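Descriptive structure summary
Each chain, written out:
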Amino acid sequence: MVVPEAVVRAFLRASRANRPYVSAAGAEAAIRAQGRHPASYHPPRRLRSDVTVTLRHEGSTPVYTVMPTGSTPVGHVVYAHGGGWIHEVSPQHWRLVAQIAVEANTTVTVPVYDLLPVGDALTAHDLVVRLAEATGNPGAVRLAGDSAGGQIALSAALTLRDRGHDGVRTVLIAPALDLTLANPDVPRVLPSDPWLGIDGIRVLGARWAGALPVTDPRVSPLAGDLAGLGPMLLFTGTRDVLNPDARLLAASAHAAGVDVTFVERPGSIHVYPLLPTRAGAAARARIMAALRA
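Since this is a predicted model, take the numbers as computed values, not measurements. (Residues numbered from 1 in each chain as written. Predicted model: local features only at pLDDT ≥ 70, side-chain atom pairs only at ≥ 80, totals over all residues. Heavy atoms only, no water.)

**Some thoughts on the packing of helix α3 (residues 24–36) against helix α8 (residues 199–209)**
Spelled out, the test is: Fitting a line to C-alpha atoms yields each axis, with helices limited to the stretch in contact; the angle taken between N-to-C directions then spans 0 to 180 degrees. Numbering of helices and strands starts at the N terminus; helices are DSSP runs of H or I of at least 4 residues and strands are runs of E of at least 2. For classification purposes, an angle smaller than 35 degrees is called roughly parallel, one larger than 145 roughly antiparallel, one from 65 to 115 roughly perpendicular, and anything else oblique. Crossing handedness is read from the near helix: turned anticlockwise from the far helix by less than a right angle, it gives a left-handed crossing, and turned clockwise, a right-handed one. In what follows, a contact means two residues having at least one pair of non-hydrogen atoms within 4.5 Å. Charged residues are taken to be Asp, Glu, Lys and Arg, nonpolar residues to be Ala, Val, Leu, Ile, Met, Phe, Trp, Tyr, Cys and Pro, and polar residues to be all remaining types, Gly included.
Where α3 meets α8, the axes come as close as 7 Å, and the angle between the chain directions of the two elements is 45°. By the angle class used here, α3 and α8 are oblique. Considering only the axes of α3 and α8, their crossing is right-handed. On α8, the residues that touch A24, A27, E28 and I31 of α3 are D199, G200, V203, L204 and R207. Residue classes in the contact of α3 with α8 are distributed as five nonpolar, one polar and three charged.

**Concerning the pairing of strand β1 (residues 51–58)**
Heads up, the condition is: Strands are labelled as partners when DSSP assigns at least two bridges between them.
Note: β1 against strand β2 (residues 61–68), eight bridges, orientation antiparallel. Counterpart to V51 in the pairing with β2 is P68. Hairpin connection of β1 to β2: two residues between the antiparallel strands, including G59 at a positive phi of 70°.

**Observations regarding the packing of helix α5 (residues 121–134) against helix α6 (residues 148–162)**
As a packed pair, α5 and α6 sit with axes 9 Å apart at the nearest point and diverge in direction by 60°. Accordingly, the angle class assigned to the pair α5 and α6 is oblique. In terms of crossing hand, the pair formed by α5 and α6 is right-handed. Every residue of α6 that contacts α5 at A124, H125, V128, V129, A132 and E133 is listed here: I152, S155, A156, T159 and L160. A class-by-class count of the residues in the contact of α5 with α6 yields seven nonpolar, three polar and one charged.

**Some thoughts on the sheet that holds strand β3 (residues 76–80)**
Two modes of strand pairing occur in sheets, parallel and antiparallel, and in both the strands are linked by backbone hydrogen bonds. Read across the open sheet, the eight strands follow the order β1-β2-β4-β3-β5-β6-β7-β8; overall the sheet is mixed. Where the open sheet ends on each side, the last strands, each with one partner, are β1 and β8 (260–269). Mean inter-strand twist for the sheet, computed between neighbouring axes without regard to direction, equals 20°. Note: β2 against strand β4 (residues 107–111), four bridges, orientation antiparallel. If you follow V63 over to β4, its bridge partner there is P111. Packed on one face of the sheet, helix α1 (residues 5–14) meets β7 (232–239) and β8 and runs near 70° to β8. Sheet strands in contact with helix α4 (residues 91–103) are β1, β2, β3, β4, β5 (142–146) and β6 (169–173), and its direction is about 45° off that of β2.

Written out as structure tokens, the structure reads:
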């Protein structure tokens, strides 16, 4: 089923999906709610018949592996899900992961990292780095993520580069890049964004930073040196408060010599490639091509 994006925008506004993000009080309430009633992270029972899903644990952290059943997978993708550091991996994320496994013919690892109020940026970052290095060829691993997961993926890619693993490829879907939201263009976008906000994200970002400064590249990867990263595919919509920083990332990556493909869709909202829209389907086709080994 294809849904017009205007319908999605109307639904988000009507359901007040932006409550955790528009105010400090909303952010704190969402953190408390996640702490009291953690949501399920398990994949849907009827995900797809052409994938296998296995579960293991990295310490106490659940880690899923999704593989195609009809072919021998090539390469490895580590996917960090979004959700504002307070929402678990969702059915939309699982559908995208399964599509990547089948259509990109690859193995996908999905870490169920700890969310607020338990988790923090350093713990999630270190987990993704370990998973990439555990493959035995971290330079060939492709890191992908959306929103909060995009922040984790890019931060991990920078660390892998610093550890000598050159050319790590990234696919970033509306990533959170500077958790201070200090970009002066952000308030200009805010009235058109039905999903996110400013004050709440700043609170969530400060809590997610934990013991690190919010400006540390393991928290806000836009602050890092991008030189030496592999090809980057970056998606953003103009009705997204994270869009101005995505533009900065694309410009900084290009200046650093990174092969960056910047896909900006006018009028689209946050993480539009995950949505059941025509624009989302087109974006997912580009993601599959980028993640094929």
